[in-house]
Amino acid sequence: MSAILKKPEIVVRTDKELRIKIEGESHTLGNLISKLAAKKEHVTMSVYYVEHPLKHVLWLTIRTDGQVDPLKVLLEVLDEAQQYLERFQKELEEGK
C-alpha cells in the first residue's frame with residue numbers, strides 16, 4: 001500500500017485521538033477506513049472529509065475512549081481492508 005499512497009501526515013496524536021492528512025486521496029479511501037473503524041470496540045468517533053474535490057486531500061480522524069490507541073485501530077483497519085480487497089480480487093479472478 002505504501003507504493004500507492006503518499007506518506008500520511010500525522011497532525012494530531014494523543015492517547016484518544018488520531019488525525020491524519022493524506023494527499024492524493026478522496027472519499028473512496030476515507031469512507032472505507034472510517035466505516036471499518038467505527039465498527040471497532042472503544043471507537044467513539046471515526047470521520048473523514050475531503051478539503052475540496054479538486055485538491056484531493058483526505059483528512060481522517062479516529063477517536064477512542066482511551067482504552068485502545070487510535071493508531072492501533074487504524075493499523076488493524078488497514079489490515080482488515082487489505083484482506084477484504086485480496087479476497088475480492090481472488091473471487092473476481094476465479095469468476096473469469
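Residues numbered from 1 in each chain as written. Predicted model: local features only at pLDDT ≥ 70, side-chain atom pairs only at ≥ 80, totals over all residues. Heavy atoms only, no water.

The name an unreviewed UniProt entry gives the protein chain is DNA-directed RNA polymerase subunit Rpo11, with Ignicoccus pacificus DSM 13166 as the organism. In its Subcellular location (unreviewed entry) section, the UniProt entry covering the protein chain states "Cytoplasm". As recorded by UniProt, the Subunit (unreviewed entry) comment attached to the protein chain reads in full: "Part of the RNA polymerase complex." (UniProt positions renumbered as here; feature names shortened; annotations may be inferred.)

Draft legend 1. Spatial organisation of the side chain of Lys21. With respect to the helices and strands, the residue Lys21 is situated in strand β2 (residues 17-23). Among buried Asp, Glu, Lys and Arg side chains, Lys21 stands out as unpaired, with Glu23 the closest opposite charge at 4.2 Å. Leave out the neighbours within four places in its chain, and Lys21 touches Pro8, Glu9, Val11, Glu51, Val57, Leu58 and Trp59. (Helix = DSSP H or I, 4+ residues; strand = E, 2+ residues; numbered from the N terminus. Buried < 20%, exposed > 50% of the residue type's maximum accessible area, 1.4 Å probe, protein only. Lys, Arg positive; Asp, Glu negative; His and termini not counted. Salt bridge = Lys/Arg side-chain N within 4 Å of Asp/Glu carboxyl O. Contact = heavy atoms within 4.5 Å.)

Draft legend 2. Representation of the pairing of strand β3 (residues 43-50) within the structure. Across seven bridges, β3 lies against strand β4 (residues 57-64) in antiparallel orientation. Counted as the bridge partner of Val43 is Thr64 from β4. Joining the antiparallel neighbours β3 and β4 is a turn of six residues, in which His56 adopts a positive phi near 55°. (Pairing = 2+ DSSP bridges.)

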